[in-house]
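# Architecture and fold: a report
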Amino acid sequence: MAVKNQSDLRDNNIRMLLQALVRSGPLSRSELCRAIGLTPPAVTGLTKQLLDDGILFEQKPGARQPTGAGRPPILLQLRDDAYTALGVEIGVDRLTMGVIGITGKFLHVQTLRLDATALPEQVVDAIYAFYANYTANLQGPGVHLCGIGLAATGRVDSTSGINRFAPNLGWRDVPLGRMLQDRLQIPASVDNNVRLMALAEEWFGKARNSRSLVFVQVSSGVGCGILLPGIGLVRGTYHGAGELGHCTVVPQGPLCTCGKQGCLEALVSNKALVKAYEQASGSSALPSNDRQGQVAVLVQRAQDGDPIAKDILLNAAEHLGIGLATIVNLIEPRSIILNGNAFVRTPLTRGWIQEAVQRHTFGNATAVEFLDSTFQDKQAMVGAATAVFRKCVL
Ligand SMILES: [Zn+2]
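Residues numbered from 1 in each chain as written. Predicted model: local features only at pLDDT ≥ 70, side-chain atom pairs only at ≥ 80, totals over all residues. Heavy atoms only, no water.

### Looking at the sheet that holds strand β2 (residues 56-58)
Either a parallel or an antiparallel arrangement is found when strands of a sheet pair, and the pairing is made through backbone hydrogen bonds. Pairing is antiparallel in the open sheet, where three strands are placed in the order β1-β3-β2. Two strands bound the open sheet, and with one partner strand each, they are β1 (27-28) and β2. In the sheet, β1 pairs with strand β3 (residues 75-78) via two bridges, with the strands oriented antiparallel. If you follow Leu27 over to β3, its bridge partner there is Leu76. Lying on the sheet, helix α3 (residues 40-52) is in contact with β2 and β3; it crosses β2 at an angle near 100°. (Pairing = 2+ DSSP bridges. Helix = DSSP H or I, 4+ residues; strand = E, 2+ residues; numbered from the N terminus. Contact = heavy atoms within 4.5 Å. Axes fitted to C-alpha atoms, helices over the stretch in contact; angles between N-to-C directions.)

Next up, the structure:
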């Protein structure tokens with residue numbers, strides 16, 4: 001933030017103070033001084049204003065054991081709903097909506113099934129109904145809704161709020177940001193869903209102090225969000241960065257939804273795994289209501305010793321390992337967070353994937369830590385809300 005005058009300086013200091021409390025949880029005044037590099041009188045002045053405004057409250061003395069002699073410090077804590085944001089993910093088959101507090105707490109969540117033929121106007125109607133219901137039930141003063149964040153699939157221009165291409169929904173150039181802003185009359189921001197998953201992990205997740213992470217989502221598609229130190233989220237010159245799923249892994253391989261052949265997504269997505277098993281085994285459809293469930297059955301069969309299931313998933317682990325090793329070779333992140341279907345989350349198959357990464361990495365891939373995501377199927381929803389907080393108060 002460019003600091004031009006005293007008011008800007010104060011706003012900037014408040015932002016730093018809120019960031020410290022979001023990242024670290026409750027802190028004493030002296031810890032805040034150290035965290036943000038301000039003098040005790042400056043921190044006392046800022047915290048008094050935030051206490052008066054109801055943004056912060058003081059925890060009871062003794063909430064944390066003292067580390068040395070003397071009285072336990074009074075800790076300052078952010079009120080969960082001091083600032084809130086609406087986070088929405090438009091998934092391939094579902095719409096996940098929630099109101100998230102500034103501390104990352106879920107205040108109100110709803111998931112709806114989404115038809116693959118849904119029109120953008122119908123999705124905006126459903127989001128408006130959720131928003132209207134939430135705001136109608138708000139009680140008491142002081143709840144500040146900063147805006148709405150939207151996580152969309154495919155290519156998203158986060159500057160203009162336009163979903164350029166969402167192949168799974170058949171959408172092109174949909175101005176989601178403007179449509180939502182017009183309908184809800186609150187600020188709207190839009191970005192790619194997996195990029196936002198990475199953002200949620202950076203601010204509210206297990207990897208919140210890593211600042212060098214790659215978030216990889218493997219489910220109906222394959223995507224990744226890249227966060228680098230000193231840069232933040234990598235979007236690319238034309239908003240297309242992070243399309244891990246459309247990197248070619250097997251030339252002349254199976255046809256992908258993007259029109260190319262042998263993309264990683266065409267080899268390890270839910271649909272690809274299920275299809276490969278059904279073709280190889282000659283058996284009827286795997287029993288489940290949806291593809292994510294079918295992948296869980298497939299992984300269970302591999303765990304139970306089914307040689308065809310094992311073969312299909314070892315092959316998929318090799319392909320995903322090649323994709324992940326390429327990321328490690330290019331940017332060497334500290335953490336890779338794998339999220340999505342049972343293939344990437346089950347210890348047996350996760351182990352196969354990590355072994356494949358090791359085989360294909362130049363140097364030592366064991367230095368990279370592999371983690372589970374913090375919010376799983378709510379990850380993009382939290383990330384969308386996080387983007388709003390980043391614009392508004394953080
Ligand atoms: Zn592709």
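### Brief notes about the packing of aromatic side chains
Under the criterion given, the structure shown has two aromatic pairs. With a centroid separation of 6.4 Å and 50° between ring planes, the pair formed by Tyr128 and Tyr131 is classed as tilted. Of this pair, Tyr128 and Tyr131 both sit in helix α4 (residues 120-136), three residues apart, roughly one helical turn. Judged by relative accessible area, Tyr131 falls into the buried class, the value being 13%. The lysine or arginine in question, Arg172, covers the ring of Phe165, its NZ or CZ lying 4.0 Å from the ring centre. (Phe/Tyr/Trp six-rings, centres within 6.5 Å; stacked < 30°, edge-to-face > 60°. Buried < 20%, exposed > 50% of the residue type's maximum accessible area, 1.4 Å probe, protein only. Lys NZ or Arg CZ within 6 Å of the ring centre and 35° of its normal.)

### With respect to the layout of surface pockets
There is about 530 Å³ of room inside the second largest pocket. Lining of the second largest pocket is provided by 26 residues; of these, Leu199, Glu202, Trp203, Leu233 and Arg390 occupy positions nearest its centre. Of all the secondary structure elements, the ones that give two or more residues to the lining of the second largest pocket are α1 (6-24), β7 (145-152), β11 (188-192), α6 (193-204), β13 (222-228), β14 (232-233) and α13 (379-392). Among the residues making up the lining of the second largest pocket, the classes are represented as 13 nonpolar, six polar and seven charged. (1 Å grid on protein atoms, 1.4 Å probe; cavity = no way out; pocket = protein on both sides within 12 Å on 5 of 7 lines; lining within 4 Å. Points joined across faces, edges and corners; volume = space filled by probe spheres on them. Nonpolar A, V, L, I, M, F, W, Y, C, P; charged D, E, K, R; others polar.)

### Notes on the domain arrangement of the protein
Entries for the protein in the domain assignment read domain 1 (6-63 + 73-78), domain 2 (84-201 + 379-392) and domain 3 (209-373). Between the C-alpha centres of domain 2 and domain 3 the distance comes to 26 Å. Contact with domain 2, which involves 16 residues of that partner, is made by 20 residues of domain 3. Here domain 2 meets domain 3 over a buried area of about 1,600 Å², counting both sides, of which 59% is carbon and sulfur. Inspection of the domain 2/domain 3 interface yields one salt bridge. (Domains from an automatic or database assignment. Buried area = accessible area lost by both parts, 1.4 Å probe. Salt bridge = Lys/Arg side-chain N within 4 Å of Asp/Glu carboxyl O.)

### A closer look at the nonpolar core
Of all hydrophobic cores here, the largest spans 51 residues; its most connected members are Leu18, Tyr83, Ile102 and Phe389. Among the elements of the structure, α1, α2 (29-36), α3, β3, β7, α6, β12 (213-218) and α13 are those that each provide at least two residues to this core. Aside from chain neighbours lying at most four places away, what touches Tyr83 is Leu18, Ile55, Ile100, Gly101, Ile102, His144, Cys146, Phe389 and Val393. Among the nonpolar cores identified, the runner-up in size contains 40 residues, and Leu228, Val295, Leu324 and Val368 belong to it. (Core = buried A, V, L, I, M, F, W, Y, C linked by side-chain atoms within 4.5 Å.)

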